[in-house]
Structure formats: C-alpha cells, structure tokens
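Okay, here's what each chain looks like letter by letter:
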Amino acid sequence: MIYEKLSKKAIGSMYVASLIGTLIAVFSLTILLHLVIPRDFTIVRYMIFGIDGLLILNFIVGPPIRYNRYAYLINDECIDVKEGFVCIERHIVPIERLHNIEISKGPVNHLFGLAEVKVTTAGSTIPIKYLEDRQAEFIVEALQKRINAVALKKKLYNQLKTNDIREI
Amino acid sequence: MEQNKMRCHISIVLENAGRLLGVLFAIVLAQLDNIIDNISDLFQMEVRAYFVGFGIVLFLFFIVLLFHLNRWYKTTICLERGLLIVERNTLNKSKNTYTISNISNIDMEQSLFERLIGTYKIKIDTNSSALADKTDIKIVFSKLKAIEFKREIMSLMGQVEVTDLLEIEDNDFDVAYSLKSIVMNCFYTANIFSVLFLIGGVVGAFFLVRYGETNYTIHDLVKDALGGLAAILIAIISAIYTLSIGFFKFYGFKVRRKGERIQLDYGLLRKNMLTIPVDKINGIRVIQPFFSRIFGRYQVEAINIGTGDEKNESSSLLLSCTKEEVKMYMAVLLPEFEDFVEKPIEKQSTKYRLHIAFNILVELIVSVIILLIINYFVAIPSWIEWVALGSFFIIIVVGYIFSYYTVGYYVGEKYLIISRGIFNKTCLSIRYEKIQHIQMNETCMSKITGLKRATIFILADLLNSSMALPFVEEKIFEKVAKKMIKA
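In this text the structure is predicted, and so the values were computed from the model without any measurement. Residue positions are given per chain, counted from 1 along the sequence in the order it is written. To label them, take the chains in the order written and letter them from A, then take the ligands in the order written and number them from 1. This being a predicted model, a pLDDT of at least 70 is required before a residue's local features are given, and a value of 80 or more before pairs of side-chain atoms are given or counted; all residues contribute to the totals for chains, interfaces and linings. Excluded from the side-chain calculations are hydrogens and water; all other atoms, namely the structure's heavy atoms, are used.

1. A closer look at the interface of chain A and chain B
Piece 1. Between chain A and chain B, the residue contacts involve 27 residues of the former and 32 residues of the latter.
Piece 2. Here the buried area means the combined drop in accessible surface, using a 1.4 Å probe, for two parts upon being joined, counting both sides. When the area that chain A buries against chain B is broken down by residue, the three leading residues are Arg90, Ile92 and Arg97 of chain A, summing to 27%.
Piece 3. Within this document, salt bridges are pairs made up of a side-chain nitrogen of Lys or Arg and a carboxyl oxygen of Asp or Glu, the two lying within 4 Å of each other. Taken together, the links from chain A to chain B amount to 3 salt bridges.
Piece 4. With a closest N to O distance of 2.9 Å, Glu478 of chain B and Arg90 of chain A form a salt bridge.
Piece 5. What qualifies as a polar contact is a pair of N or O atoms within 3.5 Å, subject to a donor-acceptor requirement within protein and to the restriction that residues adjacent in sequence count only when both atoms come from side chains. Summed over the shared surface of chain A and chain B, the number is 13 residue pairs in polar contact (both at pLDDT 80 or more).
Piece 6. Numbering of helices and strands starts at the N terminus; helices are DSSP runs of H or I of at least 4 residues and strands are runs of E of at least 2. Put simply, the parts of the chain that give the side of chain A that touches chain B at least two residues each are helix H2 (42-69), strand E4 (88-94) and helix H4 (133-167) of chain A.
Piece 7. Sorting elements by how many residues they give to the side of chain A that touches chain B places E4 of chain A first, with 7 residues.
Piece 8. Note: two strands are recorded as paired if DSSP finds a minimum of 2 bridges between them. Bridging between E4 of chain A and strand E18 (residues 435-442) of chain B involves 5 bridges; their strand directions are antiparallel. The contact rule is simple, with two residues in contact once any of their heavy atoms fall within 4.5 Å.

This is the structure:
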C-alpha cells in the first residue's frame, strides 16, 4: 500500500495555524500571570512558564513532525488516514459506510490554496486535511460517485428483499 | 390533504400542563420546614395572603393550560406519500418531515395517567446518529387509533404485518419473567455503592441511637427537627427506590421474536411495548453488575438507535439469568448472536502491565503535584497528606487489577466481542458490517510494548457510539479492519 503524502504548502499552513494558536495561548497565560496570580505564588508562576515553554516547543517542532507523519490512502475499499505528533492516530473507514462528503476551507487553508474533506459515516466524521484544492475536489467527486453507486445497490437490494417477503 | 391531518388525543394537554403541578409540588416539598413552622401561626396571620398565593398558582396553571391547549390545536400530524409530517403553527412555526423508510423503531408506551385515560404514546425513532439520544417523534392517541396508526406506518415501511403487542396473550411470548425473577433481578443488578450507602446509613443510625446522646430521645428529634427527619426519610426512601427501581421498570417483562422483529412488553407504572427490527440491532451488550458477577448471572441488551434512549426505557432482551438460560433464550430470540457467551475472551497481553505501571506513576506524580499546590495555599497536616496519597494509590491499584482481569476481546468470524469494566463487566458483541469506522491510537508507551489502543465506532447513542478495544498489537487492529471492510 502506497500512502499519499501532503504537498509542501501544507507545512506552511500548519506553521501559521500553530503560530496563531500559540500566540493566543501564550498571551492568555501572560495576562493570567500578571493580573490574576499573586507574585508570591511561585509554584504556579513556574508552572505557567513551563507551559509557555512547551507551547513554544510545540510551535517549533510540531508542524514538521505532523507534516512527515501525515499520510492518507484512498482505494476502492477504504479510506486510511495516519496523523499525529506525540500520539499517532490511524483511521480506517470502509467506502461502503460513507453517508456524506463535505469540503471545507478555513481562512488559513484558503491563504495556502488548501481544503479539508470531511467524510461522514453513520457513527463518526473523519477529516482528510491539508489537501490541495484540485485534489480535494477530485476526491469529493470520486467518493460521491462511489456513495451514489452504493446507495443504488442498497436500494435495489432492499426492494428485492421486500418483494421476497411479500411473496412469502 | 386537510382530511389526512390528525391531532394528538386532547389528554396530552392535561398531561403536559400537569407537569407544572409536579414542579409546584417539588417547591412545596422543598419549603416543607417553613410551611410547618408557619402552620401554627396561620390563624394569627392574614388568611387573605394565603388565598392570594393560591390564586396566583391557579392563574399560572390556567395560563399553562391555555398554552398547551393552543399548542395541541395547532399541531397536526399527516401521513402522505411515504412521509410523516409534523406541523406546528404556533408562534414558533415548524414543519418536520420524516421519510418513513428512514424510521428505525415505532414503539408504544403507557404511563399511569395514560392508563387511566385509555391512551397510548407512540414513539418513533429515525436512523440518525444526530438524533440518537432522544425519541424523535412522540404522539398520543386513543388505543384503537394508536394501533391503526402504528399498522399504517409499518405497512408503509414495507414490514410484514404481525400481531400487535396489545393483542397477544402472555403465553405467546418466548420468554416471560415471574415476579420472583424480577425481584431477584433487582438484587443481582443492585449498585454496590447504593447497597453500601444503605447499609452504612442503617448501621450508623443504629449506633447513633444505641450509643449516642442518651438523653436525646426520638421524641425530641421529632419535636425539634421535623424537617430534618423528613429529609432523612426522603434519603432512605430514595436509596430504597434506587435499589427497587428495576422492579417497577421491568415488572411483567416479556419478550418474543416474531419474524424479523423482537417485541418487548414490560413496566408497572409506565408500560412499555417496544418493537425492535432485528436488522436495526447494531450489537448486543451483556452486562454483569458486581453481584451478577459473583452469582454468575447475565443480562442482555440490544444496541439499537431509538430503544433505550429515554430514562424509563430499556433495550433489555433478557434480565438476570444463568449462562445456560442465555444460550437457550438467545437461540430463540436472536440466533444471529446465539453462541456469543461461549466465545473465549482473550485477555490483554502481559506487556500491558508496563502501561499500567506507567499510568500509575503518572497519576501518582499528578496527585503529588495537586497535594503540593493545595498545601501551598492551605497548611495540611502531613499525616493527612500521606493517608490521602496512600488511599488514592490503593484505589487506583485495585481498580487497575480488577480492570486487567475484566478487559479482553475476541475477534470472531462474524462479530467482534469487547469485554470491559472494573467491578461491573460489560461484553459487547458487534457484527463487522455494523462497524462504521475504526481508529488506532499509538501512545509513547506503545513504542516500548508494541501495544496500541483501537476504538470502533458504530451507529448508537452518544454513550455507546465509540467502543475502545483493549491495548492490542497492530496485527489485531489490521485483522478487525479487514473484517470490517469485507463485511
């Protein structure tokens, strides 16, 4: 099985998204440190400095590791997505169970010409992130055709089943 | 189309407005102390004030009654061209259209009030994970109209007509539980903590009366603290009610398989008549609460969208019974899952002990940090710190030991079994074709032990839609994934 890797644009989007998140978190913690926590609560102050350090470390090393680990595979039978930073996740969804396909774009992804495809089953939703626009549209179209074919097959099967029961 | 429009039975107005009386009663109960205190002063106070208060309550009730009457009149139900349309033309207009083919369950329920009036509540659930945690449509009709409506929907759903639950005799059921079995079921399913709480309360009260303040009699207690006594009584009654709730809920429990449907009938105060289509059963849950585990009893529930999503509803197929009885009854009710109780559950790998040791270490470090922070703000005597830390350590170690021996899995030909729990044990059997998605998580410890956490997702209510397998090797995850794709 050969997994598809993300385009180089994805790492830029990851860095920008991570920068925004880190800035918001560090700014909130700084406000907390200066306005809420008294100066003599040294343990709590050290803990906040520690969290700040971890957030900055996550911003520096997180995106390249996430980029290298992210991989996806779409074949006739299933969708397989691998992702993660400290903990690695792998999702496998049979194509036959798909109910809905959605394409979405956040402002950061829009800046880099990237999109996200969300595949929904009866029990969960799995995103395939950081896809180039054209690639995302191609995937949506292909999956949509497959869903329609499966729905038609199910409808025919149910009709045959109902007819059988009625005959009995 | 106007002719096809129906309305709920008018008793729904009283039923809904009656809930306000319940709220008022709860408020009165909460203020019992003050009311009792004031009773002696009643004749010294202006009686008129009480009548004004009563008048306000009555007016409020009248307004609510009018609101529900208007809502009842302007809500119509219509069946046309394979669609069920529920339209409400009140201030907030709404029109809900449900496709009949998308209906998962159609059940009937009767509360105590509905029994007196002679109506039935029809509960309809659709195949939707978004609406899985509540009943989608509730309609109240008179008995005959309810049966007719249910039949019409079922025929539109393309289901073969079978005798309705209201028309079948007790001996037509495949499994019927006697009064003794229902009482025993309450015992086997009792929550260990409720039992300990009740025993502790009774023993504590006994010692208080026996060895406590000798000159403080029960008479003094009644005289001085009537409200307090009422609170104690309410606490004891609620503890007993918790333990006996199963009796009221499952009184007269009967179940049968008819064609492609399972029919259930149970309940004392609230009568439930449920029908579960077999193809909508996404899995089976075998539950063994603490006492059931000790006495070798099993309860079986169906995992299904729609059934069991209400407080008083249950998707139980079998109440407490032995392993042999489970095999015998399931062969009749659900042969699709017949032999699942006999399957050998594989325990977690011994490598998982490393995960446990790591988790205990992390949890202890976190609790030490929390204690240090608390100690920084509030000076705690060191012996309390050691006792707290020691108790926490014992609780988590005992929890992990119990969990280690409870958790397991079985990857079969047709279905996957997941066993989980700590003091209680739950075994879930899921057919591969019902698994929607599988997820694998690799933690830092996975790199050392090679064990990963797999989670499966199915169409069920929020609490049951994801089910974690124990930590397994990647080849097990691959095996389950392959079976899910091929199913």
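2. Overview of the sheet that holds strand E6 (residues 137-142) of chain B
Across a sheet, paired strands are connected by hydrogen bonds in the backbone, their directions being either parallel or antiparallel.
Residues and elements named next belong to chain B.
Piece 1. Reading across from one edge, E6-E5-E4-E10-E9-E8-E7 is the order of the 7 strands in this open sheet, with antiparallel pairing throughout. The open sheet has two edge strands with one neighbour each: E6 and strand E7 (175-176).
Piece 2. Sheet analysis places strand E4 (residues 103-110) next to strand E5 (residues 119-126), joined by 6 bridges and oriented antiparallel. Within E5, the residue paired with Asn105 across the bridge is Asp125.
Piece 3. Its contacts with the sheet put helix H5 (residues 143-156) on E4, E5, E6, strand E9 (261-266) and strand E10 (271-277), and the angle it makes with E6 is roughly 135 degrees. Fitted lines through C-alpha atoms serve as axes, helices being fitted only where they are in contact, and the angles separating the N-to-C directions of these axes extend from 0 to 180 degrees.

3. Observations concerning the environment of Ser181 of chain B
All names here are of chain B.
Piece 1. Checked against the element boundaries, Ser181 lands in helix H6 (residues 179-188).
Piece 2. Only protein chains enter the calculation, and the probe is 1.4 Å; a residue is then buried if its accessible area is under 20% of its type maximum, exposed if over 50%, and partly exposed in between. Looking at Ser181, the relative accessible area reads 27%, which means it is partly exposed.
Piece 3. Distance in space between the C-alpha atoms of Ser181 and Leu319 is 8.4 Å, their sequence separation being 138 residues.

4. A short note on the domain arrangement of chain A
Residue and element names in this part refer to chain A.
Piece 1. For each domain, the first and last residues come from an automatic or database assignment. Each domain of chain A was delimited in the assignment, giving domain 1 (4-68) and domain 2 (73-167).
Piece 2. Placing the centre of domain 1 and that of domain 2 at their C-alpha centroids yields a distance of 32 Å.
Piece 3. Taken together, the 16 residues of domain 1 in the interface contact 11 residues of domain 2.
Piece 4. Summing both partners gives a buried area of about 1100 Å² for domain 1 against domain 2, and 68% of it is carried by carbon and sulfur.
Piece 5. Here domain 1 is connected to domain 2 by 1 salt bridge.
Piece 6. The salt bridge involving Lys9 is made with Glu132; its shortest N-O contact spans 3.6 Å.
Piece 7. Put simply, domain 1 and domain 2 have 2 residue pairs in polar contact (both at pLDDT 80 or more) between them.
Piece 8. Listed by contribution, the elements that provide at least two residues to the side of domain 1 that touches domain 2 are helix H1 (9-36) and H2.
Piece 9. Of the residues forming the side of domain 1 that touches domain 2, the biggest block, 8 residues, is contributed by H1.

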